[in-house]
Protein chains: 2
Amino acid sequence: MSASPFIVVFALFDRVTQLDFTGPNEVFWRLPGAQCVMASARGGEIRADGGLTITNVQRLADIERADLICVPGGFGVIEAMADADFVREVRRLADGARYVTSVCSGSLVLGAAGLLRGKRAGCHWAWRDLLPPFGAIVDEHRVVRDGNLITGGGVTAGIDMALTVMADIAGAEYAQSVQLGIEYAPAPPFECGRPELAAPQVLTAVKARLDNLRADRHAAVQKAAQLL
Amino acid sequence: MSASPFIVVFALFDRVTQLDFTGPNEVFWRLPGAQCVMASARGGEIRADGGLTITNVQRLADIERADLICVPGGFGVIEAMADADFVREVRRLADGARYVTSVCSGSLVLGAAGLLRGKRAGCHWAWRDLLPPFGAIVDEHRVVRDGNLITGGGVTAGIDMALTVMADIAGAEYAQSVQLGIEYAPAPPFECGRPELAAPQVLTAVKARLDNLRADRHAAVQKAAQLL
């Protein structure tokens, strides 16, 4: 590891799904020399889902560089994709970063920044069909690596993504020590975390809840893709 | 579900391990009627690990009741156990709650509040030996239920704990829909998340890092246990 800090920037926006970035943050801050920075287009405060308000958020434009950028997803991703300042700053930091990462629908922001053209990429299972308009090749794996681009599946996939990247940066043995430190030996109460595993009525219920978002998200993706 | 809100209180303190509560928060806010409240002894802001600052934190004393209380752990748990206001308010809210939960070393706070006497309880694997001074019976499972007390293992165990409690509150099918919504089909890059699974040198490295905390934590537990 070099003596200079390894700068990890989490690019946040209102109505972000907090576990999309809090999961990776809990892993990445344990990297020796890591400096984790919460940032958004305008800085200040971010209102995440679940009643969580994050403060001391920096302005992306004030951040000189990132070694790693991580873009989470969430309900606010429609507005995030349409925010030209946000998308431009994500692109700038990503261009200079060793690792460009996303979790869940955060890959749509990377798409809007033109970073997915011709690349394999993942997304939350319900939103993978929004990747091709950005020129991405859909990959259904939980953690998808294409060069220095590492995109995760939905929400909890961020923990697996971060540990995978950690192994690349600091070696497998160090990554294992972090995994042991956060006692990551998951034991989900059900086997239903992917659509092909869930009972049909469970899948139907989740799809019905997400259908409210579908038309707006498709329109936002089409609009963002036309700007590329 | 009843029409009145189901109040979930996260009892926070400085230097909390953020994933201990952000994991359960991402699950619990999806409970129909849930109202998730971040609270601490003095309210205002909380500085978690990883560079995350939470604001809009309420004062525990201002919260009338909780349906569910969740106490996370973290580096600041020594000070949390020694904070008489914090421990008293946790006890008061727990006494009226349908569910009393903790993640990681958060169970030590429940112990300091006198809530573990004669109960089976879990903790982060490295700190289970701190439970007996509080009269608790150590249980090495990832999610431990004894009556209305549900205690989780280290950090990431909070997600499994929350989904387990969700099934109890809202039924297995609804809990499954939440698990699918957050794509919780974990695929850790390594099989090392419990001490008995990790390579010997990995376990040695983690124990060495935690040994710095051991003397202070033992002293804090002895002191808190004497007050019971």
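In this text, all values refer to a predicted model and were calculated from it rather than measured experimentally. Along each chain, residue indices are assigned from 1 in the same order as the chain's sequence is written. Whichever chain is written first becomes A and whichever ligand is written first becomes 1, with later ones labelled in order. Thresholds applied to this predicted model are a pLDDT of at least 70 for local features of residues and 80 or more for the giving and counting of side-chain atom pairs; totals over whole chains, interfaces and linings are not thresholded and use all residues. To get the side-chain values, take all heavy atoms of the structure and skip hydrogens and water.

Peer 1: Looking at this structure, I do not really get the overall build of chain A. What am I missing?
Peer 2: Helix and strand definitions follow DSSP, with helices as H or I runs of at least four residues and strands as E runs of at least two, each counted in order from the N terminus. Scanning chain A for helices and strands turns up seven helices and ten strands. Taken over C-alpha atoms, the radius of gyration comes to 17 Å for chain A, in line with the 17 Å a tight globule of 228 residues would show. Along the first, second and third principal axes, the C-alpha atoms of chain A reach 50 × 40 × 35 Å. Burial classes follow relative accessibility: with a 1.4 Å probe on protein chains only, a residue under 20% of its type's maximum area counts as buried, one over 50% as exposed, and anything between as partly exposed. When burial is assessed residue by residue, chain A has 63% of its 228 residues classed as buried. Contacts between residues were defined by any pair of non-hydrogen atoms, one from each residue, lying within 4.5 Å. In chain A, the proportion of contacts linking residues at least 24 apart, taken out of those at least 6 apart, comes to 69%. Radius of gyration here is computed from C-alpha atoms only, and the compact-globule reference equals 2.2 Å multiplied by the residue count raised to the power 0.38.

Peer 1: What am I meant to see in the relation of the copies chain A and chain B here?
Peer 2: In this arrangement, two copies of a chain are superimposed by a rotation about an axis accompanied by a shift along the axis. Our superposition of the copies is a least-squares fit, built on the C-alpha atoms of residues whose pLDDT is at least 70 in both. When chain A is brought onto chain B, the operation consists of a screw motion whose angular component is 180° and whose axial shift is 0.0 Å, with 0.0 Å RMSD remaining. The transformation relating the two chain copies, once decomposed into turn and shift, fits a two-fold axis. Relative to the rotation axis, the closest C-alpha in chain A is found at Ile54(A), a distance of 2.4 Å.

Peer 1: What's the story with the packing of helix α7 (residues 200-226) of chain A against helix α6 (residues 172-181) of chain B in this structure? I'm lost.
Peer 2: Packed helices, taken two at a time, are described by their axes: the angle between them and the distance between them. Convention adopted: a line fitted to C-alpha atoms gives each axis, helices being fitted over their contacting stretch, and angles between N-to-C directions are expressed from 0 to 180 degrees. Where α7(A) meets α6(B), the axes come as close as 9 Å, and the angle between the chain directions of the two elements is 60°. As judged from the angle between their axes, α7(A) and α6(B) are oblique. The two elements α7(A) and α6(B) cross, and the hand of that crossing is right-handed. On α6(B), the residues that touch Gln201(A), Val202(A), Leu203(A), Val206(A) and Arg209(A) of α7(A) are Glu173(B), Tyr174(B), Gln176(B), Ser177(B), Val178(B), Leu180(B) and Gly181(B). Each angle receives one of four descriptions, namely roughly parallel if under 35 degrees, roughly antiparallel if over 145, roughly perpendicular if within 65 to 115, and oblique otherwise. Should the near helix be turned anticlockwise from the far one by less than a right angle, the crossing is termed left-handed; should it be turned clockwise, right-handed.

Peer 1: So what exactly am I meant to see when it comes to α7(A) here?
Peer 2: Residues separated by three or four positions in an α-helix point in the same direction, a consequence of the helix having 3.6 residues per turn. The length a helix should cover is 1.5 Å for every residue beyond the first. Across its 27 residues, α7(A) extends 36 Å between first and last C-alpha, which sits within 8% of the 39 Å expected from 1.5 Å per residue. At Asn212(A), α7(A) shows its maximal bend, which comes to roughly 45°. Taken residue by residue, α7(A) has Val202(A), Leu203(A), Val206(A), Leu210(A), Leu213(A), Arg217(A), Ala220(A), Val221(A), Ala224(A) and Ala225(A) as its buried positions. In the core, the buried residues of α7(A) are packed alongside α2 (77-82) and α4 (106-112) of chain A together with α6 of chain B. Each residue is assigned a bend, namely the angle between axes fitted to the seven residues that terminate at it and the seven residues that start at it.

Peer 1: Where do I start with the UniProt feature "domain: DJ-1/PfpI" (unreviewed entry) in chain A in this structure?
Peer 2: UniProt positions are given in the numbering used here, feature names are shortened, and annotations may be inferred rather than shown by experiment. The UniProt record marks residues 8-167 of chain A with the feature "domain: DJ-1/PfpI" (unreviewed entry), using the residue numbering of this structure. Here residues 8-167 of chain A is 29% helix and 27% strand, with 15 Å between the C-alpha atoms at its ends.

Peer 1: Any chance you could explain the pattern of salt bridges here in plain terms?
Peer 2: Side chains that differ in charge, positive against negative, can pair when their charged atoms come close. Residue and element names in this part refer to chain A. A pair is scored as a salt bridge if a Lys or Arg side-chain nitrogen falls within 4 Å of a carboxyl oxygen belonging to Asp or Glu. In this structure the tally under the stated criterion is 32 salt bridges over all chains. For Arg88, the salt bridge goes to Glu89, with nearest N and O atoms at 3.5 Å. If you follow the salt bridges from partner to partner, you end up with Arg42, Asp83, Asp85, Arg88, Glu89 and Arg92 in one network.

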